[in-house]
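Here's the letter readout for the chains.
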Amino acid sequence: MQLINGVGILLLSFIGMELFSWAFHKYVMHGLLWSIHKTHHVPGKGFFELNDLFSLLFGSIAVIMIVSGISELNAWFWIGSGITLYGIVYFVLHDMIIHRRVKTDVKPGGTYLRGIAKAHRDHHKSPEKNGAVSFGLLVVAKHYFGRRK
């Protein structure tokens, strides 16, 4: 597979993960698997949450895809790489910058990151299965990018 095609598949996989993650978060994590995800909505939890099982699941799928496609650099490799890239962005943005699960001096600066952080704070205002808003990570409603008050 040509490198250009592979990078295109990687980028489509990355974008696809945002769409998939939004739907999975809204309909599965706040639905059938709320008993696992609710550990992320409870204040004062320890470093590890039962919710981290989702990262393990998707990370494992990505590793299997990368390993199965690495010898030929086929589509499996590039899709797994796109999922992995999304996972890295998710970890840095969500776990490090927004939730500060890993201590860092980085704070959400700039209109985009502040909007993402505000949307995520709004998502966590409801500790319940229903009533949450803003299920995306990188794409959120336009009103979150308004002027600071």
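Just so you know, the residues in each chain are numbered from 1, in the order the chain's sequence is written. Under the rules for a predicted model, residues below a pLDDT of 70 receive no local features and side-chain atom pairs below 80 are neither given nor counted, while totals for whole chains, interfaces and linings still include all residues. Side-chain measures here rest on the full set of heavy atoms in the structure, leaving out hydrogens and waters.

Engineer: Looking at this model, I keep getting lost on the overall build of the protein chain. Mind explaining?
Structural biologist: Numbering of helices and strands starts at the N terminus; helices are DSSP runs of H or I of at least 4 residues and strands are runs of E of at least 2. Secondary structure summary: the protein chain contains 5 helices and 0 strands in total. Expressed as lengths along the three principal axes of its C-alpha atoms, the size of the protein chain is roughly 50 × 35 × 30 Å. For each residue, the accessible area found with a 1.4 Å probe, counting protein chains only, is set against the maximum for its type, and the residue is called buried under 20%, exposed over 50%, and partly exposed in between. By the burial criterion, 37% of the 149 residues in the protein chain qualify as buried. In this description, contact between two residues means that some pair of their heavy atoms is separated by no more than 4.5 Å. The long-range fraction of contacts in the protein chain, counting pairs at least 24 apart against all pairs at least 6 apart in sequence, stands at 54%. Surface exposure of the protein chain reaches about 9,300 Å², of which carbon and sulfur atoms provide 69%. Residue exposure ignores everything except the shown protein chains as possible cover, and the areas themselves are Shrake-Rupley values with a 1.4 Å probe.

Engineer: What is the right way to read the pattern of salt bridges from this model?
Structural biologist: Pairing between side chains of opposite charge can happen when their charged atoms approach one another. Definition used for salt bridges: Asp or Glu carboxyl oxygen within 4 Å of a side-chain nitrogen of Lys or Arg. Applying the stated criterion across every chain yields a total of 3 salt bridges. Of the charged contacts in the structure, one is a salt bridge between Arg101 and Asp52, with a shortest N-O distance of 2.8 Å. Linking Arg101 in the loop between helix H4 (75–98) and helix H5 (110–123) with Asp52 in helix H3 (residues 52–69), this pair joins segments that are 49 residues apart in sequence. Between Lys125 and Asp122 there is a salt bridge, and its shortest N-O distance comes to 3.1 Å. Salt bridges here are not isolated pairs; linked through shared partners, they connect Asp52, Asp95 and Arg101.

Engineer: What is the right way to read the packing of helix H1 (residues 3–32) against H4 from this model?
Structural biologist: In a pair of packed helices, the angle between the axes and the distance between the axes together describe the arrangement. Angles run from 0 to 180 degrees between N-to-C directions of axes, and those axes are lines fitted to C-alpha atoms, restricted for helices to the stretch in contact. In contact at an axis separation of 7 Å, H1 and H4 are set at 50° when each is read in the N-to-C sense. Viewed along their axes, H1 and H4 adopt a mutual orientation that is oblique. The two elements H1 and H4 meet at a crossing, and its hand is right-handed. Seen from H1, the contacting residues are Leu3, Gly6, Val7, Ile9, Leu10, Ser13, Phe14, Met17, Glu18 and Ser21; seen from H4, they are Ala75, Trp78, Ile79, Ser81, Gly82, Ile83, Leu85, Tyr86 and Val89. Its residues assigned to classes, the contact of H1 with H4 shows 13 nonpolar, 5 polar and 1 charged. We call two directions roughly parallel when the angle between them is under 35 degrees, roughly antiparallel when it is over 145, roughly perpendicular when it lies between 65 and 115, and oblique otherwise. Handedness of a crossing is defined here by the sense of rotation of the near helix relative to the far one, left-handed for an anticlockwise turn of less than a right angle and right-handed for a clockwise turn. Each residue gets one of three labels, nonpolar for Ala, Val, Leu, Ile, Met, Phe, Trp, Tyr, Cys and Pro, charged for Asp, Glu, Lys and Arg, and polar for the others, Gly among them.

Engineer: Looking at this structure, how should I read helix H2 (residues 34–41)?
Structural biologist: Counting along an α-helix, one turn takes 3.6 residues, and residues three or four places apart therefore face a common direction. Buried residues of H2: Trp34, Ile36, His37, His40 and His41, and no others. Down the axis of H2, the buried set is contained in an arc of 155°. They therefore lie on one face. Looking at the buried positions of H2, the neighbouring elements they touch are H1, H3, H4 and H5. The arc in question is traced by the directions running from the helix axis to the C-beta atoms.

Engineer: Would you mind going over the environment of Phe145 with me for this structure?
Structural biologist: Mapping Phe145 onto the fold places it in the segment after H5. For Phe145 and Leu57, which are 88 residues apart along the polypeptide, the C-alpha to C-alpha distance reads 32 Å. Excluding residues within four positions of it along the chain, Phe145 makes contact with Thr111, Tyr112, Gly115, Ile116 and Val140.

Engineer: I tried to follow the packing of aromatic side chains on my own but got confused; where do I start?
Structural biologist: Both the distance between ring centres and the angle between the ring planes are used here to describe each pair of aromatic rings. Centres within 6.5 Å are what make two rings of Phe, Tyr or Trp a pair, Trp counting through its six-membered ring; a difference in plane orientation under 30 degrees is then read as stacked, over 60 as edge-to-face, and the rest as tilted. One pass over the full model with this rule turns up 9 aromatic pairs. Between Phe24 and Phe54, the aromatic rings sit 5.7 Å apart at their centres with planes inclined by 80°, giving edge-to-face as the arrangement. Within this pair, whereas Phe24 is found in helix H1, its partner Phe54 is found in helix H3, the two being separated by 30 residues in sequence. Relative to Phe145, the ring of Tyr112 has its centre 5.9 Å away and its plane inclined at 5°; by these criteria the two rings are stacked.

Engineer: Would you explain a nonpolar patch on the surface in this entry?
Structural biologist: Think of a patch as exposed residues, more than 30% relative accessible area, with no salt bridge, where like charges cluster within 9 Å and nonpolar side chains (Val, Leu, Ile, Met, Phe, Trp, Tyr) cluster within 5 Å. Among the surface-exposed residues, Leu3, Val7 and Leu11 lie close enough to one another that they form a single nonpolar patch of about 270 Å² accessible area. As for its position among the elements, Leu3 is in helix H1.

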